[in-house]
Amino acid sequence: MLEPALLPTPLVDCTDGVFARAGVELRLKRDDLLHPTVPGNKWRKLAPNLAAAVAQGHTRLLTFGGAYSTHLRAVAAAAGALGLESVGLVRGEELADRPRNWSLRAAEAAGMRLEFLTRSEYREATGRADAGGAGTGGAVAAGADGRWGRCLVLPEGGSNALAAVGAAAIPAELPDLGERDVVCCPVGTGGTLAGVAAGLPAGARALGVAVLRGGEGYLESEVARLHRAAYGREFDNWRIDHAHHGGGYGRVPAELAVFAERFEGRHGIPLERRYVAKLLAALAGLTAAGAFSRGTRLTAVVTGLPDPE
């Protein structure tokens, strides 16, 4: 059995420093506390896909991720709890003969079978998954050229149409949203931002902060694609900031680490560095630059937990 989620997740005021001086409110939507084994936006995105898998009688999930993929760990934990098999295709064939890092160990401990692919094989496999319909809620395929049999395929990061619908529940848990509100989240694959934007009431806006370098245009097209797949239309109430990726995916420059440590010291809230810290640092920088008018209320979605190592 999959343990129930903590819903709605807590909402915490963190207005201080640059935000207070600018007359901007900052609050955190603590989705990092949502579930003990499938935290944050991973639960939001996986829950509707898992429900569909069970309802359709699937017994095996196949998905993709890097060496430290939170998505792989989340799929492994959720599938194991539901009695489903799981297969993870991992980017980087050189990892196959190395000792498992803490993240891959956790995925295997939860029952996931791992297969390590070259970068080119990985790109080809994820491209086939997208072409096969994963963007509309999961493709049924003979996974990895038939080696894994009939699988329900979940895309890299778990972002598909059903995932966007799952993330759309976030704004519904925020009271009194209106024209002064900007709901913010980090952007890796676009699923959470797509859901947040789709779930907003009229007047409120969504802001995504890209955590990977060079995603201009591509990430916007992904969010628009998810909107069309999930809702049959596009939305114009969102944008993505590309100036605060910290040098690229997975990179945590020294100034970002200092920002996170100081924020943690002031508020007692542990920050995941690769996504959440970048989001909050971006909001602080944008606020200092006058990007938000006085009276704006920012709600930052804390999408996950810090790494244990």
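For the structure itself, consult the block above.
Because the structure is a prediction, the values reported are computed rather than measured.

Procedures and definitions
Residues numbered from 1 in each chain as written. Predicted model: local features only at pLDDT ≥ 70, side-chain atom pairs only at ≥ 80, totals over all residues. Heavy atoms only, no water. Core = buried A, V, L, I, M, F, W, Y, C linked by side-chain atoms within 4.5 Å. Buried < 20%, exposed > 50% of the residue type's maximum accessible area, 1.4 Å probe, protein only. Helix = DSSP H or I, 4+ residues; strand = E, 2+ residues; numbered from the N terminus. Contact = heavy atoms within 4.5 Å. Phe/Tyr/Trp six-rings, centres within 6.5 Å; stacked < 30°, edge-to-face > 60°. Pairing = 2+ DSSP bridges. Axes fitted to C-alpha atoms, helices over the stretch in contact; angles between N-to-C directions. Polar contact = N/O pair within 3.5 Å; in protein donor to acceptor, adjacent residues only side chain to side chain. Salt bridge = Lys/Arg side-chain N within 4 Å of Asp/Glu carboxyl O. Right-handed = clockwise from strand over helix to strand, strands pointing away.

Peer 1: Which parts of the structure should I look at to understand the nonpolar core?
Peer 2: Here is a general trend for soluble globular proteins: nonpolar side chains tend to be buried in one another's company. One finds Leu-26, Leu-28, Leu-280, Leu-283 and Leu-298 to be the most contacted residues of the largest nonpolar core, which totals 27 residues. At the level of secondary structure, the elements contributing two or more residues to this core comprise strand E2 (25–29), strand E8 (181–187), strand E9 (205–210), helix H10 (254–267), helix H11 (273–288) and strand E11 (297–301). With eight residues, the top contributor of residues to this core is H11. In this structure, Leu-26 is in contact with Val-12, Asp-13, Cys-14, Thr-15, Phe-19, Phe-263, Leu-280, Leu-283, Leu-298 and Ala-300, ignoring residues within four places of it in sequence. By size, the runner-up hydrophobic cluster in this structure holds 25 residues, among which are Leu-61, Ala-77, Leu-84 and Phe-116.

Peer 1: Help me understand the packing of aromatic side chains in this model?
Peer 2: The relation between two aromatic rings is expressed through the spacing of the ring centres and the mutual angle of the planes. In total, this model carries five aromatic pairs according to the counting rule given. With centroids separated by 6.2 Å and ring planes inclined at 90°, the aromatic side chains of Phe-64 and Tyr-122 adopt a geometry described as edge-to-face. Here Phe-64, found in strand E3 (residues 60–65), pairs with Tyr-122, found in helix H5 (residues 119–131); they are 58 residues apart in sequence, far enough to count as distant. Assigned by exposure class, Phe-64 and Tyr-122 land together as buried. A ring pair is formed by Tyr-68 and Trp-102, whose centres lie 6.1 Å apart and whose planes are at 50°; its orientation type is tilted. Of this pair, Tyr-68 sits in the loop between E3 and helix H3 (70–81) while Trp-102 sits in helix H4 (residues 102–109), and the two are 34 residues apart along the sequence.

Peer 1: Explain the sheet that holds strand E1 (residues 11–13) here, please?
Peer 2: Taking strand neighbours across the sheet as the criterion, the six strands line up as E1-E2-E11-E8-E9-E10 in an open arrangement whose pairing is mixed. A strand with exactly one partner marks an edge of an open sheet, and here the two such strands are E1 and strand E10 (238–241). Ignoring which end each strand starts from, the neighbouring axes of this sheet average 25° apart. Alignment of E9 against E10, held across four bridges, turns out to be parallel. Looking across to E10, one finds that Val-209 is bridged to Asp-241.

Peer 1: Looking at this structure, how should I read H4?
Peer 2: In an α-helix, one turn spans 3.6 residues, which is why side chains three or four residues apart end up on the same side. All of the buried residues along H4 are Trp-102, Ser-103, Leu-104 and Ala-107. Turning to H4, the residues buried within the fold contact H3, strand E4 (85–91) and strand E5 (112–117). One side-chain oxygen at the N-terminal end of H4 lies 2.9 Å from the backbone nitrogen of Ser-103; it belongs to Asn-101. Gly-111 occupies a position one or two residues after H4 and carries a positive phi of about 105°.

Peer 1: I would appreciate a short explanation of the pattern of salt bridges in the present structure.
Peer 2: When the charged atoms of two side chains lie near each other, side chains of opposite charge can form a pair. The tally for this structure, following the rule as stated, stands at 18 salt bridges. Of the charged contacts, one joins Arg-266 and Asp-16 as a salt bridge, the two residues approaching to 2.6 Å between their closest N and O atoms. Here Arg-266, found in helix H10, pairs with Asp-16, found in the loop between E1 and helix H1 (17–21); they are 250 residues apart in sequence, far enough to count as distant. Judged by relative accessible area, Arg-266 falls into the partly exposed class, the value being 47%. Here Glu-234 ties to Arg-228 by a salt bridge, and the two come within 2.5 Å at their closest N and O atoms. Here the residues in one salt-bridge network are Lys-29, Asp-31, Arg-44 and Glu-173, joined through shared partners.

Peer 1: In this structure, what is going on with unusual backbone geometry? I would like to understand it.
Peer 2: Working note: non-glycine residues mostly have negative phi, and peptide bonds are mostly trans. Cis rather than trans, the peptide bond between Leu-7 and Pro-8 has omega equal to -10°. Relative to the elements of secondary structure, Pro-8 occurs in the segment before E1. The phi angle at Asp-176 is positive, at roughly 60°, despite the residue not being glycine. In this structure, Asp-176 sits in the loop between helix H7 (169–172) and E8.

Peer 1: Whenever I open this one, the pairing of E3 confuses me. Can you help?
Peer 2: The two faces of a sheet get side chains in turn, since along a regular strand they alternate between them. Among the six residues in E3, six count as buried, and that is most of the element. In E3, alternate side chains face the same way, and those of Arg-60, Leu-62 and Phe-64 on one face and Leu-61, Thr-63 and Gly-65 on the other are all buried. Both E3 and E4 contribute to a ladder of six bridges, which runs parallel. What sits directly across from Arg-60, in E4, is Glu-85. Remark: the E3/H3/E4 crossover connection has right-handed handedness. Direction of pairing for E3 relative to strand E7 (residues 150–153): parallel, over a ladder of two bridges. By the bridge assignment, Leu-62 is partnered in E7 with Val-153.

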